[in-house]
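So the chains spell out like this:
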Amino acid sequence: MPVTRMLQQVAGQMLGRLACGCWTAGQPLRFLGTSPRQIPADANFHCASFSGTDQPRVLITGGLGQLGVGLANFLRKRFGKDNVILSDIRKPPDHIFHSGPFIYSDILDYKNLREIVVNNRVTWLFHYSALLSAVGEANVSLARAVNITGLHNILDVAAEHNLRLFVPSTIGAFGPTSPRNPTPDLCVQRPRTIYGVSKVHAELMGEYYHYRYGLDFRCLRYPGIISADSQPGGGTTDYAVQIFHDALKNGKFECNLKPSTRLPMMYIDDCLRATLEVMEAPADSLSMRTYNVNAMSFTPEDLAQEVLKHVPEFQITYNVDSVRQAIADSWPMNFDDSNARKDWGWKHDFDLPELVTTMLNFHGSDTRVAQAN
Ligand SMILES: NC(=O)C1=CN([C@@H]2O[C@H](COP(=O)(O)OP(=O)(O)OC[C@H]3O[C@@H](n4cnc5c(N)ncnc54)[C@H](O)[C@@H]3O)[C@@H](O)[C@H]2O)C=CC1
Ligand SMILES: CC(=O)[C@H](N)C(=O)O
């Protein structure tokens, strides 16, 4: 069929559906026409099907960063070790390589991505590859390639192979003109970093693919994530991870944000649980496809006070990094996540005191082991 006629037919069908009011959120639209890379919508000969009773076959991109290894461990407990494939462009350390399937995957290489999805019969994709806020500002063209072009590859492969797709967004998807205290799900989003711009783009593209092609896209806007056994990858909230390590090792910490800089934060266990919960939520419980999730909100000063309760000799000093400070000053101070709590029952476990106790216990046992050796 000539392309123009086909397009007219598709447009006609779409208008008909809009007119009868039956184009609703969550309704698959793949029958309308071609998928994004011109694979016929009914060409499902290579689609891995996933019925409710099967275990998903999971691929995690960018899996060697701060969050990916924790996510793989968490999902492997639930779905089985061999059902969760970790991937990255970096070489994995031995203990990660031997803990479950690991493969090389560059999200900028579309054919490689498609081969991995097909050969491994992937059904769920967690897309973690990204350049974070501070490193993104230091390398805008690479951030644009990875965070935007890479995302396009992910969306296409997910739509063509009928995957359930999780893409994390961030508090960084908001900017200085957004309401900051609290920041709701739906409001002005005019971020001033390439990271934030790319994440707003990801939210909008994912939602567009959902409505246009029926892609099962799910997205959470994470706060700054605090983890004990993995290092942050170059963000604005990194200080809240490093402080614990330095407090126990040296009894002091130099903070690169001002003492009064308030940002939303979350312990990694809550983050990973939220991610699995939104992926497992019944589609009809999701009134939106992008949700804020939150746990706590604090300043470096608040965090230092809490650390002092456990490490009485602890001292914090401030040497402000102007790039990070400007970014933090444009981000939410508090996050309104009432829609996540209402729609799919989100509830965090860790507040500031539990976070500090957990982090210090982890690093304390680490330091004791190092001293004993
Ligand atoms: N860590 C945090 O506080 C937050 C993280 N997020 C999001 O969660 C996701 C994971 O974050 P982190 O683990 O902290 O990031 P990270 O910066 O620690 O790790 C990102 C990973 O992406 C990989 N990567 C870079 N270019 C790639 C390419 N071309 N192909 C494949 N992989 C590539 C890197 O090698 C790295 O291992 C990101 O999308 C981030 O935006 C959102 C909000 C907060
Ligand atoms: C909050 C984030 O997205 C990340 N940790 C960053 O600071 O860039």
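All residue numbers refer to position in the chain's written sequence, counted from 1. Going through the entries in the order they are written, you letter the chains from A and number the ligands from 1. Only residues with pLDDT of 70 or above have their local features reported here, since the model is predicted, and side-chain atom pairs are shown and tallied only from 80 upward, although totals for entire chains, interfaces and linings are computed over all residues. Excluding hydrogens and water, the side-chain values take into account all heavy atoms of the structure.

By the naming in an unreviewed UniProt entry, the chain is L-threonine 3-dehydrogenase, mitochondrial, taken from Ailuropoda melanoleuca. UniProt positions are given in the numbering used here, feature names are shortened, and annotations may be inferred rather than shown by experiment. The heading Catalytic activity (unreviewed entry) in the UniProt record of the chain holds the text "L-threonine + NAD(+) = (2S)-2-amino-3-oxobutanoate + NADH + H(+)". Within the UniProt record for the chain, the comment given under Function (unreviewed entry) is "Catalyzes the NAD(+)-dependent oxidation of L-threonine to 2-amino-3-ketobutyrate, mediating L-threonine catabolism."

1. Some remarks on the overall build of the chain
When helices and strands are counted, the chain shows 13 helices and twelve strands. Contacts: residue pairs with any heavy atoms within 4.5 Å of one another. Sequence separation of 24 or more characterises 78% of the internal contacts of the chain that already satisfy a separation of 6 or more. Per element, the accessible surface of the chain, about 16,900 Å² overall, is 52% carbon and sulfur. Counting from the N terminus, the helices are the DSSP runs of H or I reaching at least four residues and the strands are the DSSP runs of E reaching at least two. All accessibility values rest on the Shrake-Rupley procedure with a 1.4 Å probe; residue burial counts only the protein chains present in the view.

2. Comments concerning the packing of helix H8 (residues 239-250) against helix H10 (residues 300-308)
The axes are straight lines fitted to the C-alpha atoms, using for helices just the contacting stretch, and the angles between their N-to-C directions are given from 0 to 180°. Contact geometry of H8 with H10 gives a least axis separation of 11 Å together with a crossing angle of 30 degrees. As the angle between them shows, H8 and H10 are arranged roughly parallel. Our pair here, H8 against H10, has a crossing hand that is right-handed. Facing Tyr-239, Ala-240, Ile-243, Phe-244 and Ala-247 of H8, the residues of H10 in contact are Pro-300, Leu-303 and Val-307. Across the contact of H8 with H10, the residue classes break down as eight nonpolar, no polar and no charged. Each angle gets one of four labels, with under 35 degrees taken as roughly parallel, over 145 as roughly antiparallel, 65 to 115 as roughly perpendicular, and the rest as oblique. Two helices that cross are described as forming a left-handed crossing if the nearer one is turned anticlockwise from the farther one by less than a right angle, and a right-handed crossing if clockwise. In this count, Pro and Cys sit with the nonpolar residues alongside Ala, Val, Leu, Ile, Met, Phe, Trp and Tyr, while Asp, Glu, Lys and Arg are called charged and the others, Gly among them, polar.

3. Description of unusual backbone geometry
Cis geometry is adopted by the peptide bond preceding Pro-182, which originates at Asn-181 and carries an omega value of 5 degrees. Positive phi outside glycine occurs at Arg-121, with the angle close to 50 degrees. Note on placement: Arg-121 falls in the loop between helix H4 (110-119) and strand E4 (124-127). Partly exposed describes any residue whose relative accessible area lies between the buried limit of under 20% and the exposed limit of over 50%, with all areas from a 1.4 Å probe on protein chains only and scaled to the type maximum. According to the relative accessible area criterion, Arg-121 is exposed, its value standing at 54%. Despite not being glycine, Asn-162 has its phi angle at roughly 60 degrees, a positive value. Overall, Asn-162 belongs to the partly exposed group, its relative accessible area being 49%.

4. Overview of the site of ligand 1
Only a single heavy atom is needed: when it lies within 4 Å of a molecule or strand, its residue is near that molecule or strand. Not every one of the 26 residues close to ligand 1 is listed here, only the nearest: Gln-66, Asp-88, Arg-90, Asp-106 and Tyr-195. The definition of a polar contact used here is a pair of N or O atoms within 3.5 Å, where within protein one atom must be able to donate a hydrogen and the other to accept one, and adjacent residues in sequence count solely through side-chain atom pairs. Here an oxygen atom of ligand 1 and a backbone polar atom of Gln-66 are 2.8 Å apart. Notes on ligand 1: free accessible area 840 Å², of which the protein chains cover 93%. In this analysis a 1.4 Å probe is tested at points of a 1 Å grid over the protein atoms alone, and where it fits but cannot get out there is a cavity; an open set with protein on both sides within 12 Å along at least five of seven lines is a pocket; lining residues have an atom within 4 Å of a point. Pocket occupancy is defined atom-wise: a molecule lies in a cavity or pocket when more than half of its atoms are within 2 Å of its grid points. According to the grid-proximity analysis, the pocket containing ligand 1 is the largest pocket. Elements supplying a minimum of two residues to the shell around ligand 1: strand E5 (164-170), helix H7 (194-213) and strand E7 (224-226). The element contributing the most residues to the shell around ligand 1 is E5, with three residues.

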